[in-house]
Amino acid sequence: MKLENQSVVVCGGGGFIGGHLVKYLLGQGVHVIRSIDIKPRADWYQESHDVENLVLDLSEMSACLRAVTGADVVFNLAADMGGMGFIENNKALCMLTVLINTHVLMAAREKGIQRVFYASSACVYNGDKQKSPQVTALKEEDAYPAMPEDGYGWEKLFSERMCRHFEEDFGLQCRVARYHNVYGPLGTYDGGREKAPAAICRKVIQAKSSGKHEIEIWGDGHQTRSFMYIDDCLKGTRMILESEIHEPLNLGSNELVTINQLVDLAEEIAGIKLKRNYKLDAPKGVNGRNSDNAKIKKLLGWEPSIRLRDGLAKTYAWIESQMMATVPK
Ligand code: NAD
C-alpha cells in the first residue's frame, strides 16, 4: 500500500509522536483528514490547521466510530502512558488503554478501514532477557514465552495479539511497530509522565540555571537503553504501515548507552559537570534493553540514522526554550 491517495486518521494526535506524525505526513503530501486526542486542544503539543482536530475519548466505541469515519488508514497512537515513573505506579490506568485499542479495532472493522497501524512497545519483551545491563539485543521472537513489563507491557502484548486476530479472523489489515524509547522536541518533559532523555535534559537545565550543580539519577546509572530520535521513528512508522509485514517489527535505535552516559551527553551539551546522586529505590525498569534491527533492516531497509548526541542536542534546546519561556522575568 502507498499512503498517497489514502485518507488518514491519527489517534493520539495531541501527543508527542502523534503530533509529529500528523505534521510529517502532511509534509509528505499525505491526505490526513483528522487528528484525535482526549486532551483539550490547548494542551496538544502540535496542531495542524488543515486537519479536523477533534477532542474525543477513544476509550468509547461511539467516539471511535466518529473518529475513523471516512478514513482508509488509521494510525493508533492513543494511550494513557508515560515514562517508568508513570507506568510502574499506574498499572491499572495503563491496562485500561485496552478499551481504546479494542474500540479502535472494532470501529475500523465496522467502517471498512483498509489498514490500521498500532504503536506497540519494547515493554512487551520477556523480562528474563533484560536482567543484565550487558544485553543481547531483543529480537522480535523474544516476546514469547510472555513475561512482559507488568501492567503497560501486558496491555501492549494483548493489543498486539488482538491486531493479529482481527487480521486473521476478520481480514482487517494491521501493522504493528514495537517502539523502543522515542525522544525529541515537542513532548513531555515534566509532570511525571516524562521519559529518561527529557527528564535528564530538564534536570541538567535546572541545575545549570539554579547554580546548584547536582543531579538526581534514578537507579545506579548502569542500566542500559537505546533511544530513537523522533525523525527516525516517523520514517519507520510510515514504512511499516505501507509494508506487507504482518508481524510486529522492532523500531528502535541500537546505539546502546548507560543512563550515566546519557547524563554525560546532556552535561556535555550544557557545558557543565554535575554531582550525581543516585536514587536506588526510584522506578528504573529493566536493567538492560536494546533493539535488534536485523529484521526491519532486511525486510524494509530501515535503520536509525540520527546519533543520540545530535538528537539529544535538539531535544535539550527545545526543553531549554520552553523552561526559559516559563521563568518569571
Ligand atoms: P503521548 O502520551 O505523548 O501520546 C499519547 C496520546 O494519547 C496523549 O496525547 C493522550 O492524551 C492520548 N490519549 C490518552 N487516552 C486517550 C483517550 N481515551 N482518547 C483519546 N486520546 C487519548 O505518548 P507518545 O510518546 O506520543 O506515544 C504514542 C504511542 O506510542 C503510545 O501508544 C505509546 O504507548 C507508544 N510508545 C511510545 C514510546 C515512546 O518512547 N514515546 C515507546 C513505546 C511505545
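Structure: above.
Parameters and conventions
Residues numbered from 1 in each chain as written. Predicted model: local features only at pLDDT ≥ 70, side-chain atom pairs only at ≥ 80, totals over all residues. Heavy atoms only, no water. Helix = DSSP H or I, 4+ residues; strand = E, 2+ residues; numbered from the N terminus. Rg over C-alpha atoms; globule rule 2.2 N^0.38 Å. Buried < 20%, exposed > 50% of the residue type's maximum accessible area, 1.4 Å probe, protein only. Contact = heavy atoms within 4.5 Å. Areas by Shrake-Rupley, 256 points an atom, 1.4 Å probe, with all protein chains shown as cover. Lys, Arg positive; Asp, Glu negative; His and termini not counted. Charge placed at Lys NZ, Arg CZ, Asp CG, Glu CD. Pairing = 2+ DSSP bridges. Axes fitted to C-alpha atoms, helices over the stretch in contact; angles between N-to-C directions. Near = heavy atom within 4 Å. Polar contact = N/O pair within 3.5 Å; in protein donor to acceptor, adjacent residues only side chain to side chain. Phe/Tyr/Trp six-rings, centres within 6.5 Å; stacked < 30°, edge-to-face > 60°. Right-handed = clockwise from strand over helix to strand, strands pointing away.

Draft legend 1. How the structure looks around the overall build of the protein chain. Looking only at helices and strands, the protein chain features 11 helices and 13 strands. Over its C-alpha trace the protein chain gives a radius of gyration of 19 Å, about what one expects of a compact globule, namely 20 Å for 329 residues. The proportion of buried residues among the 329 residues of the protein chain is 56%. Counting contacts in the protein chain only where the partners sit at least 6 residues apart, residues at least 24 apart contribute 79% of the total. Only carbon and sulfur atoms are counted for the fraction: they give 53% of the accessible area of the protein chain, which is about 14100 Å². With 40 positive and 42 negative side-chain charges, the protein chain shows a spacing of 2 Å between the two charge centroids.

Draft legend 2. Representation of the sheet that holds strand β3 (residues 52-55) in the model. Read from one edge of the open sheet, seven strands run β3-β2-β1-β4-β5-β6-β11, paired in parallel fashion. The open sheet has two edge strands with one neighbour each: β3 and β11 (249-251). Across the sheet, the mean angle separating the axes of adjacent strands is 20 degrees when strand polarity is ignored. Inspection of the sheet shows strand β2 (residues 31-37) paired to β3 by four bridges, in the parallel sense. When the bridges of β3 are listed, Arg34 appears paired with Glu52. In this fold helix α2 (residues 61-68) packs onto β1 (7-11), β2, β3 and β4 (73-76), with an angle of close to 160 degrees to the strand it touches most, β2. On the sheet, helix α6 (residues 152-170) packs against β5 (115-121) and β6 (173-179) and is oriented at approximately 155 degrees with respect to β5.

Draft legend 3. Structural context of the site of the ligand. For the ligand, the set of nearby residues contains 26 residues, the closest of which are Phe16, Ile17, Asp37, Tyr152 and Val182. With respect to the ligand, the side chain of Asp57 contributes an N or O atom lying 2.8 Å from a nitrogen atom. Tyr152 places a side-chain nitrogen or oxygen 2.6 Å from an oxygen atom of the ligand. Contact with the protein chains covers 92% of the free accessible surface of the ligand, which is 820 Å². Mapped by element, the contributors of at least two residues to the shell around the ligand are α1 (16-27), β5 and α6. Per element, the largest residue contribution to the shell around the ligand is three residues, and it comes from β5.

Draft legend 4. Here's a closer look at the packing of aromatic side chains. The tally for this structure, following the rule as stated, stands at five aromatic pairs. Residues Phe75 and Phe117 carry aromatic rings whose centres are separated by 5.5 Å and whose planes lie at 45 degrees to one another, so their mutual orientation is tilted. Of this pair, Phe75 sits in strand β4 while Phe117 sits in strand β5, placing them 42 residues apart in sequence. Neither Phe75 nor Phe117 differs from the other in exposure class; each is buried. Ring geometry for Tyr189 against Trp318: centres 5.7 Å apart, planes inclined by 85 degrees, an arrangement best described as edge-to-face.

Draft legend 5. Layout of the pairing of β6. Most of β6 is tucked away: six of the seven residues are buried. One crossover worth recording links β5 to the parallel β6 by way of α6, and it is right-handed. Bridge count for β6 against β11 is three bridges, and the pairing is parallel. Residue Tyr179 lies in a different strand from β11, and its bridge partner there is Leu251.

Draft legend 6. Region of the structure containing the environment of Thr69. Structurally, Thr69 can be placed in the loop between α2 and β4. Once the C-alpha coordinates of Thr69 and Ile33 are considered, the two residues, 36 residues apart in sequence, prove to be 10.0 Å apart. Thr69 has contacts with Ile33, Arg34 and Lys111, leaving out every residue within four places of it along the chain. Here Leu65 takes part through its backbone oxygen, which lies 2.5 Å from a polar atom of the side chain of Thr69.

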